[in-house]
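# Inside the fold
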Amino acid sequence: LFNMDETPIWFEMIGKKTVETISNKTVNIKTFGSERNGISLLLAISANGSKLKPLIVFKGKYNSTKQNKLNKNIHVANKDLFVVCQENSWVTKEIFDYWLNNILFPYGRLINRNAYKLLVMDRATSHFQPNLSQLLEKEKWKYCLIPPCLTRFAQPLDISINYPMKQYLLTYDSLFRIKNLNSAKPTEEDIINNIYEIWNDDSKITKEMIYNSFKKP
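Residues numbered from 1 in each chain as written. Predicted model: local features only at pLDDT ≥ 70, side-chain atom pairs only at ≥ 80, totals over all residues. Heavy atoms only, no water.

### Remarks on the packing of aromatic side chains
In this structure the tally under the stated criterion is five aromatic pairs. Arranged with centres 5.0 Å apart and planes meeting at 65°, the rings of Phe2 and Trp141 form a pair that is edge-to-face. Here the residue Phe2 occupies a position in strand β1 (residues 2–10), and Trp141 occupies one in strand β6 (residues 141–145), the gap between them amounting to 139 residues. We note that Phe2, like Trp141, is buried. When the ring of Phe96 is compared with that of Trp99, the centres are 6.0 Å apart and the planes differ by 15°; the resulting orientation is stacked. With a gap of three residues between them, Phe96 and Trp99 both fall in helix α2 (residues 93–112), about one helical turn apart. Considered together, Phe96 and Trp99 belong to a single accessibility category, that of buried residues. By way of ring pairs, the aromatic residues Phe2, Tyr107 and Trp141 are connected into one cluster. When the ring centre of Trp199 is taken as reference, the NZ or CZ atom of Lys51 above it lies at 5.6 Å. The aromatic ring of Tyr168 is capped on one face by Lys204, whose charged end is 5.7 Å from the ring centroid. (Phe/Tyr/Trp six-rings, centres within 6.5 Å; stacked < 30°, edge-to-face > 60°. Helix = DSSP H or I, 4+ residues; strand = E, 2+ residues; numbered from the N terminus. Buried < 20%, exposed > 50% of the residue type's maximum accessible area, 1.4 Å probe, protein only. Lys NZ or Arg CZ within 6 Å of the ring centre and 35° of its normal.)

Take a look at the structure:
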């Protein structure tokens, strides 16, 4: 049993709290001007506590030099994630197909090529494809779409994983801004490194968290 979800992430994860004198009417927050630059993050987990490789969607042209360069650097650094580019950093049907062919299907073949697996997803537009059932069937997958307005109750990633993932990213971003008060804004490589480190740290996104996300009603 597996669950995948797309969630928005920002280049600068600006917190909602700060420390300031009570009488001050204006509170200035230092940013690099990238707080509105968003990306999409595709995560997937299994009921056995496993985490699949993340897919990060940056703004840019699909299969561009930028995309290929970032993936080459990731490969050289031996990091288990993938990067794609899309002009609005949205998860389109093309991006969803990329995730299926590069992350989900290879993982399914690795764990058990002959047994059927179930993928639970929300009803995002990119998940509606005419040949999706046949495509999944070839790889021994079935899928189930969560009814509208019920993801916060029935989607494991929404229940227990997405929020702590973003809180850790907020912490990493805060530390980055403290160390780089007068330097350039965060880069794609910074975002990639943060996501990789958090997702692969089993003390942060733990197996117990993943187990419990599938158990909650």
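### Some thoughts on the pairing of β6
Taken together, the five bridges between strand β5 (residues 117–121) and β6 define a ladder with parallel strand orientation. Each residue of the ladder has a partner; that of Leu118, found in β6, is Lys142. After leaving β5, the chain enters helix α3 (residues 132–138) and then returns to the sheet as β6, a path that is right-handed. (Pairing = 2+ DSSP bridges. Right-handed = clockwise from strand over helix to strand, strands pointing away.)

### Observations concerning the packing of helix α1 (residues 65–76) against helix α6 (residues 188–199)
Viewed as axis vectors pointing N to C, α1 and α6 meet at an angle of 45°, and their least axial separation amounts to 12 Å. By the angle class used here, α1 and α6 are oblique. You can see that α1 and α6 cross each other, and the crossing is right-handed. Taking contact as the criterion, the partners of Lys66, Leu70, Asn73 and Ile74 in α1 are, on α6, Glu188, Glu189 and Ile192. Grouping the constituent residues of the contact of α1 with α6 by class yields three nonpolar, one polar and three charged. (Axes fitted to C-alpha atoms, helices over the stretch in contact; angles between N-to-C directions. Parallel < 35°, antiparallel > 145°, perpendicular 65-115°, else oblique. Left-handed = near helix turned anticlockwise from the far one by under 90°. Contact = heavy atoms within 4.5 Å. Nonpolar A, V, L, I, M, F, W, Y, C, P; charged D, E, K, R; others polar.)

### What to know about helix α7 (residues 207–215)
Within α7, burial applies to Ile210, Ser213 and Phe214. In an axial view of α7, the angular spread of the buried residues amounts to 95°, which keeps them on one side of the axis. Turned more than 90 degrees off the buried face of α7, the exposed positions are Glu208 and Lys215. (Arc of directions from axis to C-beta.)

### What about the sheet that holds strand β4 (residues 82–86)?
Pairing between sheet strands relies on hydrogen bonds along the backbone, with the strands arranged either parallel or antiparallel. Taken together, six strands build an open sheet; the order of strands is β4-β3-β2-β1-β5-β6 and the sheet is mixed. Only two strands of the sheet have a single neighbouring strand rather than two, namely β4 and β6. Strand-to-strand twist in this sheet, taken as the mean axis angle between neighbours without regard to direction, amounts to 25°. As defined by bridge partners, strand β3 (residues 55–59) adjoins β4 across five bridges and the pair is classed as parallel. Counterpart to Val57 in the pairing with β4 is Val84.

### Examining the pattern of salt bridges
Proximity of charged atoms lets side chains of opposite charge pair with each other. Applying the stated criterion across every chain, the model contains five salt bridges. Between Asp202 and Lys51 there is a salt bridge, with the nearest N and O atoms lying 3.0 Å from each other. With Asp202 in the loop between α6 and α7 and Lys51 in the loop between β2 (38–46) and β3, this pair connects stretches of sequence that are 151 residues apart. Judged by its relative accessible area of 51%, Asp202 falls in the exposed class. The residue Asp201 makes a salt bridge to Lys204 at a minimum N-O spacing of 2.8 Å. (Salt bridge = Lys/Arg side-chain N within 4 Å of Asp/Glu carboxyl O.)

### Some points on the nonpolar core
Residues Ile56, Phe58, Val83, Met165, Ile192 and Ile195 are the most contacted members of the largest nonpolar core, which totals 25 residues. Aside from chain neighbours lying at most four places away, what touches Met165 is Leu41, Leu43, Ile195, Ile198, Trp199 and Ile205. Core analysis: the second largest hydrophobic core is formed by 24 residues, Leu42, Ile95, Met121 and Leu132 among them. (Core = buried A, V, L, I, M, F, W, Y, C linked by side-chain atoms within 4.5 Å.)

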